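# Examining the three-dimensional arrangement
Here is what each chain is made of, one letter per residue.
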Amino acid sequence: MSVPPALAPHLGEGITRWEAASLMELRSSAPDAFEALREAVDALGVASGVAQNLKGPLTSVAKLVEMPGQRLYLLRAGARVSGLVKVGEKHLYYWRRGGGAQVELDPRCVLDFYVVAQRRGDGKRVFDAMCAAERAEPREFAYDRPSPKMLPFLARHFGLTAFAEQPNNFVVFDAFFSDRSAMPPRDPPRRLGGTADRVVGTM
Ligand code: ACO
């Protein structure tokens, strides 16, 4: 989706981070830009749902406003809004391998992930920026119903392959448990570095 003029000043080239508070701030300070952002995010959310054969979108501005803890990372490449990744914490039950004990976890989760132009590196770019902003490695996330493209993506770029299948369809890689830093940090995520990748919102 192309970036409307009203939105351009608020959506820098590269990666921007959004959550309920920054969306509400934009709605008060620049209603036209908010409306344009809402249209762009909602359209990407619909396209992501279609690409994953879901019944409906996982991501929309209305859903983000309802879930104040969730963070949306948006990719703008040139004049287009061209990808998203959404993360947030979830309370999960996790069954250990071989009929082992069930444990409860509160991991950061990758909840939605989509790029318009696929297999050209955009996914890696937005995912790397999200991990840097979250100060987390890919192994430290749980993945909500990873799609047939997501699992090869994680294997290819990050060597994540081993996991115990779960009835709730979340994937928690074995590497998640390799040290305790896998749990959500107490500090807020840090600002993205560099000139191309920048962040707006509450960071
Ligand atoms: N089939 C198999 N593997 C794929 C495919 C595909 N059609 N597309 C991407 N990949 C994987 C492969 O490992 C590929 O490496 P290869 O080309 O050497 O085989 C690698 O991703 C390419 O890396 P990028 O170019 O950075 O990935 P891309 O830009 O395509 O982004 C993404 C990955 C976001 C999964 C994208 O393919 C996409 O939007 N897919 C549709 C939506 C989707 O399935 N999202 C994941 C939801 S699951 C979740 O959110 C927890």
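Residues numbered from 1 in each chain as written. Predicted model: local features only at pLDDT ≥ 70, side-chain atom pairs only at ≥ 80, totals over all residues. Heavy atoms only, no water.

### Focus on the overall build of the protein
The line we're drawing: Labels follow the DSSP assignment, with helices taken as runs of H or I lasting at least four residues and strands as runs of E lasting at least two, numbered in each case from the N terminus. Throughout, exposure labels follow a simple rule: accessible area from a 1.4 Å probe, protein chains only, divided by the maximum for the residue type, with under 20% read as buried, over 50% as exposed, and the rest as partly exposed. Note on contacts: a residue pair is in contact if any heavy atoms of the two residues lie within 4.5 Å.
Of the regular secondary structure elements, the protein holds five helices and eight strands. Across the 203 residues in the protein, those meeting the buried criterion constitute 44%. In the protein, the share of contacts with a sequence separation of at least 24, taken over all contacts with a separation of at least 6, comes to 64%.

### Thoughts on the packing of aromatic side chains
Applicable threshold: By convention, a stacked pair of Phe, Tyr or Trp rings (six-membered ring in the case of Trp) has centres within 6.5 Å and planes under 30 degrees apart, an edge-to-face pair has planes over 60 apart, and any other such pair is tilted.
According to the stated counting rule, one finds ten aromatic pairs in the structure shown. Ring plane angle 70° and centroid distance 5.3 Å describe the contact between Phe113 and Phe153, whose orientation is recorded as edge-to-face. Residue Phe113 is located in strand S6 (residues 108-115), and its partner Phe153 is located in helix H5 (residues 150-158); the two are separated by 40 residues in the primary sequence. Phe153 carries the same exposure label as Phe113, and that label is buried. With a centroid separation of 5.7 Å and 70° between ring planes, the pair formed by Tyr143 and Phe173 is classed as edge-to-face. Taken together, the residues span a long stretch of sequence, with Tyr143 in strand S7 (residues 141-144) and Phe173 in the segment after strand S8 (170-172) at a distance of 30 residues.

### A look at the nonpolar core
Quick reminder of the rule: Here, nonpolar core refers to any group of buried Ala, Val, Leu, Ile, Met, Phe, Trp, Tyr and Cys residues whose side-chain atoms link them within 4.5 Å.
The biggest cluster of nonpolar side chains holds 23 residues, and the ones touching the most others in it are Val110, Phe127, Met130 and Tyr143. Listing elements by their share of this core, those giving two or more residues are strand S2 (71-77), strand S3 (80-89), S6, helix H4 (122-134), S7 and H5. Setting aside residues no more than four positions away along its own chain, Val110 makes contact with Val85, Lys86, Val87, Phe127, Met130, Phe141, Ala142, Tyr143, Asp144 and Met150. With 21 residues, the next largest nonpolar core counts Val3, Ala36, Leu74 and Val81 among its residues.

### Let's talk about the side chain of Ser82
Tracing the backbone shows Ser82 in strand S3. We classify Ser82 as buried; its relative accessible area is 8%. Setting aside anything within four residues of it in sequence, one finds Ser82 in contact with Leu75, Arg76, Ala77, Tyr114, Val115 and Val116.

### Brief notes about the environment of Glu13
So the rule is basically this: For this analysis, a polar contact is any N or O atom pair within 3.5 Å, provided that within protein one partner can donate a hydrogen and the other can accept it, and provided that sequence-adjacent residues contribute only side-chain to side-chain pairs.
Positionally, Glu13 belongs in the segment before strand S1 (14-18). Note: C-alpha distance between Glu13 and Val81 (68 residues apart in sequence) is 9.3 Å. A polar contact is formed between the side chain of Glu13 and the backbone nitrogen of Gly78, at a distance of 2.9 Å.

### Comments concerning the sheet that holds S7
As a reminder, the rule being used: By definition, two strands form a pair when at least two bridges between them are found by DSSP. Lines fitted to C-alpha atoms define the axes, with helix axes restricted to the stretch in contact, and inter-axis angles between N-to-C directions lie between 0 and 180 degrees.
With mixed pairing, six strands are arranged side by side in an open sheet as S1-S2-S3-S6-S7-S8. Lying at the two open borders of the sheet, with one neighbouring strand each, are S1 and S8. The sheet shows a mean angle of 25° between the axes of neighbouring strands, taken without regard to direction. As paired elements, S7 and S8 share three bridges and run antiparallel to each other.

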